[in-house]
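# Architecture and fold: a report
Okay, here's what each chain looks like letter by letter:
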Amino acid sequence: SQQGEEDPQALSIQEGENATMNCSYKTSINNLQWYRQNSGRGLVHLILIRSNEREKHSGRLRVTLDTSKKSSSLLITASRAADTASYFCAAPPYGQNFVFGPGTRLSVLP
Amino acid sequence: GAGVSQSPSNKVTEKGKDVELRCDPISGHTALYWYRQSLGQGLEFLIYFQGNSAPDKSGLPSDRFSAERTGGSVSTLTIQRTQQEDSAVYLCASRLNRGHSSYEQYFGPGTRLTVT
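A brief look at the structure comes next. Keep in mind it's a predicted model, so treat the numbers as computed, not measured.

Counting its regular elements, chain A contains zero helices and ten strands. Scanning chain A from its N terminus toward the C terminus, one meets helices and strands in the order β-β-β-β-β-β-β-β-β-β. For chain A, with 110 residues in total, the buried portion stands at 46%. Long-range pairs, those at least 24 residues apart, make up 56% of the contacts in chain A with a sequence separation of at least 6. Put simply, chain A shows about 5,100 Å² of open surface, and 46% of that area lies on carbon and sulfur atoms.

Below you can see the structure in the form of structure tokens.
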């Protein structure tokens, strides 16, 4: 079973708008990570939030974590065409390796 | 420093042939993962190596798939008697793993396998 499922599956917005995508998971975690993938090649790590953190910022990225709801959100502010990519979350359960969800495909239109 | 490298970047093979895909992880990274990604889909976990522990092979789809990691560094994923449904991008990732902390995975560029 997957530990980390993103929602929505696809999102299309205009340049300059904010993009929000969500991730749900099932078991207790040590941390939750978000990755980006451009054009079907390797994933790039964006941000990691630990289970004892509720919010974290990195540039235009804002991640929140609600362990009571077993969910996380990734907000990209002032989106750019270059943000067009697939975004994946991974939520490693304690003591286990982790798997990725199916991803959210974000399209930022000029 | 050098990132994760994979070779070949593209591989076209005929159905029924065997293929070997190679991954060179970042030096010092004890954890190594293989994933498969079909067109437009998410990542499918295949296998995980951690140090000298027995690998987690729970994601391998059939006994045609195998992987090894020699000397705790380079890994080879072998697919025997390839089928058309094996066509996908095969991604390798490595990770530093110390104690109970988790670190991010660093991905290679992938190998695009096409079985004709």
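Anyway, onward from the coordinates.
Moving on, we come to the environment of A:Thr77. When you line up the elements, A:Thr77 lands in the loop between strand S8 (71–76) and strand S9 (85–90). Once residues within four sequence positions are removed from consideration, A:Thr77 is found in contact with A:Glu17, A:Asn18 and A:Arg60.

Let us now look at the side chain of B:Arg36. All names here are of chain B. Mapped onto the secondary structure, Arg36 falls in strand S4 (residues 31–37). Judged by relative accessible area, which is 11%, Arg36 ranks as buried. Those residues within four positions of Arg36 in sequence are excluded, and the remaining contacts are Gly42, Leu43, Glu44, Leu46, Pro61, Phe65, Glu85, Asp86, Ala88, Val89 and Tyr90.

What follows concerns the sheet that holds strand S6 (residues 55–58) of chain A. Residues and elements named next belong to chain A. The sheet built from five strands is open, its strands ordered S1-S3-S8-S7-S6 with antiparallel pairing. Both outer strands of the open sheet, strand S1 (5–7) and S6, are each paired with one neighbouring strand and no more. The sheet shows a mean angle of 20° between the axes of neighbouring strands, taken without regard to direction. Bridge count for S6 against strand S7 (residues 61–66) is four bridges, and the pairing is antiparallel. Bridging from a neighbouring strand, His57 pairs with Arg62 of S7.

All names here are of chain B. On strand S6 (residues 65–69), burial follows the alternation: Phe65, Ala67 and Arg69 on one face are buried, whereas Ser66 and Glu68 on the facing-out side are not. Here S6 pairs with strand S7 (residues 75–79) via five bridges, running antiparallel. Residue pairing for S7: Glu68 is matched across the bridge by Thr76. Hairpin geometry of S6 and S7 is characterised by an intervening segment of five residues between the two adjacent antiparallel strands and by a positive phi of about 60° at Gly71.

The rules behind the values
Residues numbered from 1 in each chain as written. Chains lettered and ligands numbered in written order. Predicted model: local features only at pLDDT ≥ 70, side-chain atom pairs only at ≥ 80, totals over all residues. Heavy atoms only, no water. Helix = DSSP H or I, 4+ residues; strand = E, 2+ residues; numbered from the N terminus. Buried < 20%, exposed > 50% of the residue type's maximum accessible area, 1.4 Å probe, protein only. Contact = heavy atoms within 4.5 Å. Areas by Shrake-Rupley, 256 points an atom, 1.4 Å probe, with all protein chains shown as cover. Pairing = 2+ DSSP bridges. Axes fitted to C-alpha atoms, helices over the stretch in contact; angles between N-to-C directions.

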